[in-house]
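Read off the chains here:
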Amino acid sequence: MDAEPQPSIRGFRDFRWNDVEHRPYKIEGTAPFKAISRQVLFDEPALGCELRYFEMDAGGHSTLERHEHMHAVMILRGRGQCLLGETVRPVEPYDLVTIPAWTWHQFRATEGEPFGFLCMVNHLRDKPQIPTDQHLEALTQNPDVAAFLAR
Ligand code: MN
């Protein structure tokens, strides 16, 4: 049984929330990522979704991946670039990014400052798929994508 949600108000300071564990992203996994941490802000089965905050150091990046479940993202801190399918776009605070099912995606922080975003996902979700060499070859046919991944 899942625990009953309790009423709570948790404070915020310097991009850390009280009573929220701050952990390196997927430390147990083999997925390629760099200098990124995760805080799970809400994880309530009763809501059906989770809200997480990811933050990477300057020059860090998230894992390049795709999956069945969607993401709804709001940039909260710093500047970066977002690979979304076949497009690479600069992103900045309060931009909203919709990542549909099976769309390749990756975030890369701009040099010089941390880059953070909120990410909403289904509570129950499939495991991300990492690109094969063939996927990477197809993706890098696009020069914008190739330049993004080479950064
Ligand atoms: Mn993802």
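Described below are features of the structure shown in this document. This is a predicted model, so every value here is computed, not measured.

A count of helical and extended segments in the protein chain gives two helices and 11 strands. Beginning at the N terminus, the succession of helices and strands in the protein chain can be written as β-β-β-β-β-β-β-β-β-β-β-α-α. Its C-alpha atoms give the protein chain a radius of gyration of 16 Å, near enough to 15 Å, the size a compact globule of 151 residues would have. Once the C-alpha set of the protein chain is aligned to its principal axes, its extents read approximately 50 × 35 × 30 Å. Relative to its full complement of 151 residues, the protein chain shows a buried share of 39%. Pairs at least 24 apart in sequence give 66% of the contacts found in the protein chain among residues at least 6 apart. Surface accessibility of the protein chain: about 9100 Å² in total, with carbon and sulfur atoms responsible for 53%.

Applying the stated criterion across every chain, the model contains eight aromatic pairs. Ring centres of Phe54 and Phe117 lie 5.5 Å apart, and the angle between their planes is 35°; this geometry places the pair in the tilted category. With a gap of 63 residues between them, Phe54 in strand S5 (residues 49-61) and Phe117 in strand S11 (residues 115-122) connect regions that are remote in the sequence. The buried category is assigned to Phe117, whose relative accessible area is 4%. Considering the side-chain rings of Phe107 and Phe115, the 6.3 Å spacing of their centres and the 40° angle between planes classify their relative orientation as tilted. Each member of the aromatic cluster is reached from another via a ring pair, and the members are Phe12, Phe15, Trp17 and Tyr53.

Counted under the stated rule, the structure contains zero disulfides. Left unpaired, Cys49 is separated from the closest cysteine sulfur, that of Cys119, by 11 Å. Taking relative accessible area as the criterion, Cys49 reaches 22% and is therefore assigned partly exposed. A disulfide-free cysteine, Cys119 has its sulfur positioned 11 Å from the sulfur of Cys82, the nearest such atom. Cys119 sits in the buried class, given a relative accessible area of 3%.

In this section: helix H2 (residues 143-150). An α-helix turns once every 3.6 residues. As a result, residues three or four positions apart point the same way. Residues of H2 that are buried: Val145, Phe148 and Leu149. Down the axis of H2, the sector holding all buried residues measures 90°, keeping them to one side. Exposed positions of H2 whose direction lies more than 90 degrees from the buried face are Pro143 and Ala150. Against the buried residues of H2 lie strand S7 (80-84), strand S8 (87-91), strand S10 (105-109) and helix H1 (133-139). With a side-chain oxygen lying 2.8 Å from the backbone nitrogen of Asp144, the N-terminal cap of H2 falls on Asn142.

This paragraph deals with the pattern of salt bridges. Enumeration according to the criterion identifies four salt bridges in this entry. Between Glu21 and Arg23 there is a salt bridge, and its shortest N-O distance comes to 3.8 Å. Of the residues examined, Glu21 reaches a relative accessible area of 53% and is grouped as exposed. Across the salt bridge formed by Arg77 and Glu55, the nearest N and O atoms sit 2.9 Å from each other. A residue pair is termed long-range when its members are at least 10 positions apart, and Arg77 in strand S6 (residues 71-77) and Glu55 in strand S5 qualify at 22 residues.

Reading the values: rules and limits
- Residues numbered from 1 in each chain as written.
- Predicted model: local features only at pLDDT ≥ 70, side-chain atom pairs only at ≥ 80, totals over all residues.
- Heavy atoms only, no water.
- Helix = DSSP H or I, 4+ residues; strand = E, 2+ residues; numbered from the N terminus.
- Rg over C-alpha atoms; globule rule 2.2 N^0.38 Å.
- Buried < 20%, exposed > 50% of the residue type's maximum accessible area, 1.4 Å probe, protein only.
- Contact = heavy atoms within 4.5 Å.
- Areas by Shrake-Rupley, 256 points an atom, 1.4 Å probe, with all protein chains shown as cover.
- Phe/Tyr/Trp six-rings, centres within 6.5 Å; stacked < 30°, edge-to-face > 60°.
- Disulfide = S-S within 2.5 Å.
- Arc of directions from axis to C-beta.
- Polar contact = N/O pair within 3.5 Å; in protein donor to acceptor, adjacent residues only side chain to side chain.
- Salt bridge = Lys/Arg side-chain N within 4 Å of Asp/Glu carboxyl O.

Coordinates in, geometry out; function isn't part of it.
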